There are 2 protein chains.
Amino acid sequence: MESLNTSAQINAPQAAILLFGATGDLARRKLYPALYQLYRQKKLHPSFFVFGMARRPMDDETYRALVAESLENPDEQFLRHCYYQSLDVERLEDYERLQRRLLDLEASAGTAGNRLFYLSIAPDHFEPLAHHLKESGLVETAGFRRLVIEKPFGYDLPSAEKLNRALCQVFQESEIFRIDHYLGKTMVQNIEVIRFANSIFEPIWNNRYIAGIQVTASESIGVEERAGYYDRFGALRDMVQNHLLQMVAMVAMEPPSRLETEAIRDEKVKVLNALRVLSGAEIDHALVRGQYVRGIVDGEIRRAYREEDGVDPRSTTETYVAAKIYVDNFRFAHVPFFVRTGKRLRQKITEIVVQFKDVPWNLYVKKSGRLEPNRLIIRIQPDEGIHLWLNTKQGGDRLRIAPVDMEVSRFTGIGFNSPEAYELLLYDALIGDSTNFTRWDEVAASWAWIDPIAKRFKEKGEDGLKFYPAGSMGPELADLLLSKEGLHWWEGTQA
Amino acid sequence: MESLNTSAQINAPQAAILLFGATGDLARRKLYPALYQLYRQKKLHPSFFVFGMARRPMDDETYRALVAESLENPDEQFLRHCYYQSLDVERLEDYERLQRRLLDLEASAGTAGNRLFYLSIAPDHFEPLAHHLKESGLVETAGFRRLVIEKPFGYDLPSAEKLNRALCQVFQESEIFRIDHYLGKTMVQNIEVIRFANSIFEPIWNNRYIAGIQVTASESIGVEERAGYYDRFGALRDMVQNHLLQMVAMVAMEPPSRLETEAIRDEKVKVLNALRVLSGAEIDHALVRGQYVRGIVDGEIRRAYREEDGVDPRSTTETYVAAKIYVDNFRFAHVPFFVRTGKRLRQKITEIVVQFKDVPWNLYVKKSGRLEPNRLIIRIQPDEGIHLWLNTKQGGDRLRIAPVDMEVSRFTGIGFNSPEAYELLLYDALIGDSTNFTRWDEVAASWAWIDPIAKRFKEKGEDGLKFYPAGSMGPELADLLLSKEGLHWWEGTQA
């Protein structure tokens, strides 16, 4: 999709937002606040309603109270747009009942039959739900029909293919919006803008000038309520397959010929297909797999992963993974991409560090010793910002060259003031812009790269699993991954 | 000179600092405070003294009171290092008397015969003074002898050559320190550091990526006490020949093979020799010459230049000049350098703007229209800083790409905290580092470029002289200079 004018705002069409998993954590923490923000900013069409579904029986008023609980200063007007029906995902009758009620509501609300199906439910339910949407006739509608689906999209490539086949019997690829909520983050969207709206970076954005790229997504939290899911998936499937590889793709992609959804996705999938596939011992050398043990995070003692409720006490699931990845194409050949993600790490930080090569000849070596390399840092969270580390001469000292941090961030008074990712993504789905959602071939390419690694992890079990204390920055072996290349991790300096 | 280790500080040797023009404005505003700062920072050798000279008779105590007046919190210890003798520049006997007293003082102070002659006097006196220094035997000393000489170094190339010949009968070129106080400014010194200590700029620092370069040195003050001098010299000779061309040279020079004084100066002189020499009508097209008339600066009505005390009421001297300059070499061929300087302008600002070319293809044209070009700004005064204007996507608005100012400056809490230029330059002269002083061939090359322009200005007189109101940014014709190239002046945004 391409916007047809330079006006900043596209009006969302009328729509019924059909939310499966209406009582769940994501709905309450993210989706209702996001919808409410869109409503308050008048980004929703006046003819809209939210139709919540979950197993639990509840009348509309109770549901509205539940929605209101998740909002700051809820507005009665907004809540009147909310309806509810209990639904057992496996029961076709429930869908048929939904269809009947929906027709009435659509007629009175004037939503023109536009239906946005939002699946905020356990992945096991995706396939039966799609099947029932079709059987019940819910997807036969006079308006648009779109499916928004949360991660995980499969457990590996075969299961993802199976799921996709099931969805494609009901929806066209263009109607499927696979959420990767990192793509809804302003600073992730800025990767493209920084690269393609600024002339100074393109000439140096390649293997002649870049020494290495680091993508970090560290969390200080543990597995929280998701232990069952997490212990099955682990960090590799939960974070690397989607968020981290998407960021790698955005850093490494060629400029698209146009800013159109499919042109951008075409470039991203080219990168994902160019990832050097690893096998056997290569995996052991290029990846570090960790699991947290007891330690101190933010001054509080945290138990080991294996002690968490819902986790197998002998689990060998990785809660940390670091990988050295190569993108085998002309632009980035031989440039290592280091990605890492983990739970119970020292700080919550998501950022991309583009480390440029050293100056070809250090004129200042006698005066200042080794110079720090230039780094462009895109800080995605918690403090959105762009940082560029340069070397300058500080006035007070005649000789010393010292690195300084040029930045744009809330610390410099120019915050990005970004809305929540879900606000952007819900709006995009409503206007039918799928640029910031993952296309099937991107998902398939990612799994194709992940599968041999996940298989190797499983085979090796505890062999090669590194334990790291909660509150550290992960296993020390992850430092070796970089020091072998003469590099080291750049740790975020602002918390 | 090259520093031989990575230690930040070189110890200054013992020295007698012989100051001609000891009661003048520069001495009082800049030199005494600079010497005092060096003293307080222990950057002067304990064996030093300042020997002031001027026409006025005065004893040491009176002189010390005069020095003390120019200092904040003067220290009695420091003042005891100050001595005075009246001197008529034209009278040999005065120099002989000086020599006798000096030998005594040197013996008691232990300055090892090191003599730094500092000429802060009217340029007419330079030649007779040099002559008498020789005749009186003052330059025959057991230690070093160095001459620090203030601008102007000549009125044109022939007079500069004549002056240089006179000096060279007394001093070696390596003993002559021609002050261009802009070279003592930390941010001017940072031009070299930004370029050569950062790998990201070198690949784009050429005519393939740079659209144009702007060097602005605007002043809000008028001619003050210097009307007689100024009316004879004008902005071209007073500012462009030295400060602005030096900045152009530093922006355009090739990396030196080593950070040694002569290697750096060799590169600068190559640029000055590559300046495209203009003649006749070319000058009329490439230069704008202005003179201020009555107007309002900072809320106060200011009289016209021709109304200033000491200025010829029919003067055609330019108080403003803007020029389009080409550096005809491989790196910068076809890149216009726009320089401008003037008095009674809206704001006091000295900065260099490197404007990069537009992105090769604007993907965002439909969404955001034209994108602003990237600019690297080196702000020399009043607010030292480095700014890099990038385009980013602001979070609050789905589509809009907007320019942001990445900066390092006191506004971001990372000030350069620079000492005064004279502090750096006096120290450099004492340790014998002439990197930040201009070599004779640089001066000669600058005058060679200036002379035909100055000649043309004189020939044309009032014809072509543009009058601009005090408090404006100069004649409108200066905008045309850029708009012909599809460019415009970037006005500093912080005051």
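Residues numbered from 1 in each chain as written. Chains lettered and ligands numbered in written order. Predicted model: local features only at pLDDT ≥ 70, side-chain atom pairs only at ≥ 80, totals over all residues. Heavy atoms only, no water.

**A look at the overall build of chain A**
Then, in step 1: Along chain A, the regular secondary structure elements total 14 helices and 18 strands.
Then, in step 2: Taken against the 2.2 N^0.38 rule, which gives 23 Å for 495 residues, the C-alpha radius of gyration of chain A at 24 Å falls within 12% of a compact globule.
Then, in step 3: Taken along its principal axes, the extent of the C-alpha atoms in chain A is 80 × 55 × 45 Å.
Then, in step 4: Every one of the 495 residues in chain A was classed for burial, and the buried ones make up 64%.
Then, in step 5: Residue pairs in contact within chain A that sit at least 24 positions apart in sequence constitute 76% of those at least 6 positions apart.
Then, in step 6: In the form shown here, chain A has an accessible surface area of approximately 19,000 Å², with 50% of it arising from carbon and sulfur atoms.
Then, in step 7: Positive and negative side-chain charges in chain A, numbering 63 and 70 respectively, have mean positions lying 4 Å apart. (Helix = DSSP H or I, 4+ residues; strand = E, 2+ residues; numbered from the N terminus. Rg over C-alpha atoms; globule rule 2.2 N^0.38 Å. Buried < 20%, exposed > 50% of the residue type's maximum accessible area, 1.4 Å probe, protein only. Contact = heavy atoms within 4.5 Å. Areas by Shrake-Rupley, 256 points an atom, 1.4 Å probe, with all protein chains shown as cover. Lys, Arg positive; Asp, Glu negative; His and termini not counted. Charge placed at Lys NZ, Arg CZ, Asp CG, Glu CD.)

**Focus on the packing of helix α8 (residues 227-252) of chain A against helix α13 (residues 440-460) of chain A**
Residues and elements named next belong to chain A.
Then, in step 1: Interaxial distance between α8 and α13 falls to 10 Å at its minimum, and their mutual angle equals 140°. The angle between the axes of α8 and α13 places the two elements in the oblique class. Crossing angle aside, the handedness with which α8 passes α13 is right-handed. Here Leu-236, Arg-237, Val-240, Gln-241, Leu-245 and Gln-246 of α8 lie close against α13, whose contacting residues are Glu-442, Val-443, Ser-446, Trp-447, Trp-449, Ile-450, Ile-453, Ala-454 and Phe-457. (Axes fitted to C-alpha atoms, helices over the stretch in contact; angles between N-to-C directions. Parallel < 35°, antiparallel > 145°, perpendicular 65-115°, else oblique. Left-handed = near helix turned anticlockwise from the far one by under 90°.)

**Remarks on the confidence of the model for chain A**
Then, in step 1: Chain-level pLDDT for chain A is 94 on average; 95% of the residues reach the 70-or-more range.
Then, in step 2: Two summary scores accompany this predicted model of the complex, namely pTM at 0.94 and ipTM at 0.92. (pLDDT = per-residue confidence, 0-100.)

**Quick notes on the domain arrangement of chain A**
Interfaces are frequently sized by the accessible area removed from exposure as the parts join.
Then, in step 1: Examined at the domain level, chain A breaks down into domain 1 (15-150) and domain 2 (183-415 + 438-483).
Then, in step 2: Relative to domain 2 of chain A, the C-alpha centre of domain 1 of chain A lies at a distance of 35 Å. (Domains from an automatic or database assignment.)

**Describing helix α6 (residues 157-168) of chain A**
Counting along an α-helix, one turn takes 3.6 residues, and residues three or four places apart therefore face a common direction.
Residues and elements named next belong to chain A.
Then, in step 1: The end-to-end C-alpha separation of α6 is 16 Å, in line with the 16 Å expected for 12 residues at 1.5 Å each.
Then, in step 2: Among all positions of α6, only Leu-157, Ala-160, Leu-163, Asn-164, Ala-166 and Leu-167 are buried.
Then, in step 3: Contacts from the buried residues of α6 go to α5 (126-135), β5 (145-149), β6 (176-179) and α13. (Expected span 1.5 Å × (residues − 1).)

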